[in-house]
Amino acid sequence: MASFRPDHPMRICVYCASSQECDPHYHEVAFRLGALLAAGGCSVVYGGGSAGSMGAVANGALSGGGEVIGILPKFMADLEWGHPGLTRLELVEDMRERKHRLLTGSDAVIALPGGCGTLEELFEALTLKRLGLYFNPIILLNTRGFYTPLQSFMEDVIGQRFMNQEHLGMWSLVDAPEDVLPTIQATPRWREDARTIAVVRR
Ligand code: AMP
């Protein structure tokens, strides 16, 4: 199981949206999640933006006294897209380095509803988990059923034999931010033999 250790605050990677135009409920939920992660003693690492759910999750965690680390490409900092009040804002050269720095060393991944940026980050984490390059929980926060069609799609992907049935175990959907930390804690480390099931079986 993923575990909370007092000497090692969990570092939680949160993938989330920059949109300001989505239903404000998504921002409220993102803020609540941030506050819950801070209350749980977790350190939040995310894309470093101030807009949309990105800004909301950071503000939620900061309001609860939590540590929030943003990883922002320099060109976004130049566009003043960075959050000015983070514990630490790390500037990186490009999007690839940002994705690498977000995931590396994280104890779990949470994906909130989002656009292509969020989905790309989520699918990279899933791909690395399938290949035995990432072993920690991946949680999809299914606010307003946002990820239900993705779940059906992935079941079809598996049904059509592009992935194995076991791969359904790589991620979990949860309905509410209150479910996120308990689900992380209850999720076992991904199987050490991931590579033996990575290829689709006959
Ligand atoms: P999306 O879910 O498509 O909004 O993508 C979120 C990702 O898009 C973030 O992780 C960033 O890589 C990038 N992004 C797009 N617009 C912004 C913005 N205004 N501020 C910060 N990051 C942004």
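Residues numbered from 1 in each chain as written. Predicted model: local features only at pLDDT ≥ 70, side-chain atom pairs only at ≥ 80, totals over all residues. Heavy atoms only, no water.

Here the focus is the sheet that holds strand S2 (residues 43–46). Here seven strands make up an open sheet; going across it, the order is S4-S3-S2-S1-S5-S6-S7 and the pairing parallel. At either margin of the open sheet sits one strand with a lone partner, and together these are strand S4 (88–92) and strand S7 (172–174). The mean inter-strand angle of the sheet, taken between neighbouring strand axes irrespective of direction, is 25°. Where strand S1 (residues 11–15) and S2 come together, three bridges link them in parallel fashion. Looking across to S2, one finds that Arg 11 is bridged to Ser 43. (Pairing = 2+ DSSP bridges. Helix = DSSP H or I, 4+ residues; strand = E, 2+ residues; numbered from the N terminus. Axes fitted to C-alpha atoms, helices over the stretch in contact; angles between N-to-C directions.)

Moving on to the pattern of salt bridges. Under the counting rule described, the total for this entry stands at eleven salt bridges. Lys 74 is the salt-bridge partner of Glu 93, the closest N and O atoms lying 2.4 Å from each other. Here Glu 93 is found in the loop between S4 and helix H4 (95–103), whereas its partner Lys 74 is found in helix H3 (residues 74–78), with 19 residues between them in sequence. Since its relative accessible area comes to 51%, Glu 93 is described here as exposed. Note that Arg 201 and Glu 166 form a salt bridge whose closest N and O atoms lie 2.9 Å from each other. A residue pair is termed long-range when its members are at least 10 positions apart, and Arg 201 in the segment after helix H7 (180–186) and Glu 166 in the loop between helix H6 (148–159) and S7 qualify at 35 residues. (Salt bridge = Lys/Arg side-chain N within 4 Å of Asp/Glu carboxyl O. Buried < 20%, exposed > 50% of the residue type's maximum accessible area, 1.4 Å probe, protein only.)

All right, on to empty space enclosed by the protein then. Within this structure, the stated rule accounts for one cavity of 30 Å³ or more. Considering the residues around the largest cavity, the lining is formed by Leu 122, Phe 123, Leu 126, Leu 140, Leu 150, Gln 151, Met 154 and Trp 171. Taken together, the residues of the lining of the largest cavity sort by class into seven nonpolar, one polar and no charged. (1 Å grid on protein atoms, 1.4 Å probe; cavity = no way out; pocket = protein on both sides within 12 Å on 5 of 7 lines; lining within 4 Å. Points joined across faces, edges and corners; volume = space filled by probe spheres on them. Nonpolar A, V, L, I, M, F, W, Y, C, P; charged D, E, K, R; others polar.)

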